[in-house]
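# Examination of the molecular architecture
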Amino acid sequence: MMSIVIALVIVIQDHSKIHFNSAKWLILYATLGIPLGLLVLIYGNETVVKIILGLLIILYSLYSLLGKSTLTLKEDNNLWLFFCGFLSGVFGGAYGLNGPPLVVYGNLRQWTAKHFRATLQAYFLPVSLIGSVGYYAKGLITSQVNHYFLISLVTTIPAIFLGRYVNHKLNDRSFFKYVYVGLIVIGLLLIIHSTFFNG
């Protein structure tokens with residue numbers, strides 16, 4: 001629900017920087033993965049899934065930071081679009097973590113910080129809407145969730161504009177290093193939370 005608000009503001013602000021073709025195919029393939037993600041959320045072992053997901057995020061991020069991979073895509077690639085889009089749908093449907101597979105694709109395409117931010121939010125807007133419909137249909141969006149959502153808007157709205165300012169100041173070559181460090185932190189938090197705070 002938060003990502004819908006954030007994406008809407010950013011898409012309005014920076015629509016000229018969106019890679020619409022990439023976003024279109026990532027959205028299409030993500031919609032195929034969302035139902036599987038919802039099944040994982042409802043029927044899967046939450047602790048095991050979160051630990052595996054955390055480890056995958058950390059390992060890929062470390063590989064990207066420390067490795068010497070020269071793999072890049074000069075134009076959109078249907079196989080990579082499917083792989084990253086579908087996984088983002090699964091991760092998003094299960095735990096709202098659409099981002100990591102999209103980071104992989106953006107890095108392969110060597111998008112600038114500005115284009116990366118705008119294109120990802122063009123993806124998040126419809127995918128988050130679809131995901132929210134799924135959550136609502138399964139009874140996961142409750143009055144308490146709505147209450148927390150409204151409270152969080154107080155800090156989220158100003159943070160969107162602060163984020164835009166920081167994004168426009170970032171050096172494009174160092175941008176993905178910051179992103180991968182952030183993903184490592186997310187992966188660690190997933191593992192720690194699943195290990196010590198579940199159940």
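Presented here is a report on the structure given in the accompanying data block. Given the structure is predicted, the values throughout are model-derived calculations rather than measurements. (Residues numbered from 1 in each chain as written. Predicted model: local features only at pLDDT ≥ 70, side-chain atom pairs only at ≥ 80, totals over all residues. Heavy atoms only, no water.)

## Description of the packing of aromatic side chains
A complete count under the given rule lists eight aromatic pairs for this structure. Ring geometry for Tyr60 versus Tyr63: centroids 6.4 Å apart, planes at 45°, classification tilted. Of this pair, Tyr60 and Tyr63 both sit in helix α3 (residues 46–66), three residues apart, which is roughly one turn of that helix. Seen in terms of ring centroids, Tyr123 and Phe124 are 5.3 Å apart; in terms of plane orientation they differ by 75°. Their pairing is edge-to-face. (Phe/Tyr/Trp six-rings, centres within 6.5 Å; stacked < 30°, edge-to-face > 60°. Helix = DSSP H or I, 4+ residues; strand = E, 2+ residues; numbered from the N terminus.)

## Comments concerning the layout of surface pockets
Empty space within the largest pocket amounts to approximately 1200 Å³. Around the largest pocket, the lining is made up of 44 residues, and of these Ser3, Ile6, Gly96, Asn98 and Phe124 lie nearest the centre. A total of ten residues in the lining of the largest pocket trace back to one element, the largest contributor, which is helix α6 (residues 113–137). Along the lines of polarity and charge, the residues of the lining of the largest pocket split into 29 nonpolar, 14 polar and one charged. (1 Å grid on protein atoms, 1.4 Å probe; cavity = no way out; pocket = protein on both sides within 12 Å on 5 of 7 lines; lining within 4 Å. Points joined across faces, edges and corners; volume = space filled by probe spheres on them. Nonpolar A, V, L, I, M, F, W, Y, C, P; charged D, E, K, R; others polar.)

## Focus: the side chain of Ser88
Along the chain, the position of Ser88 falls in helix α4 (residues 78–95). Within the structure, Ser88 has its side chain in polar contact with the backbone oxygen of Gly85 (distance 2.6 Å). Among the polar contacts listed, one links the side chain of Ser88 to the side chain of Tyr123, at a separation of 2.6 Å. Filtering out sequence-adjacent residues up to four positions away, Ser88 remains in contact with Ala30, Asn98, Pro101, Leu102 and Tyr123. (Polar contact = N/O pair within 3.5 Å; in protein donor to acceptor, adjacent residues only side chain to side chain. Contact = heavy atoms within 4.5 Å.)

## Topic: the side chain of Arg117
Position of Arg117 relative to the elements: it lies in helix α6. A polar side-chain atom of Arg117 sits 2.7 Å from a polar atom in the side chain of Asp14. In this view, Arg117 contacts Ile10, Gln13, Asp14, Ile160, Gly163, Arg164 and Asn167; residues no more than four positions away in its chain are not counted.

## A short note on α3
Owing to its 3.6 residues per turn, the α-helix aligns residues three or four sequence positions apart on the same side. In this model α3 runs 30 Å from its N-terminal to its C-terminal C-alpha over 21 residues, within 8% of the 30 Å that 1.5 Å per residue would give. For α3, every residue scored as buried is listed here: Lys50, Leu53, Gly54, Ile57, Ile58 and Ser61. On an axial view of α3, the arc spanned by its buried residues comes to 130°, and they lie on one face. Looking at α3, the residues exposed on the side facing more than 90 degrees away from the buried face are Leu56, Leu59 and Leu66. By the N-cap criterion, in which a side-chain oxygen at the helix start approaches the backbone nitrogen of a residue two or three places on, α3 is capped by Asn45, the distance to Thr47 being 3.2 Å. (Expected span 1.5 Å × (residues − 1). Buried < 20%, exposed > 50% of the residue type's maximum accessible area, 1.4 Å probe, protein only. Arc of directions from axis to C-beta.)

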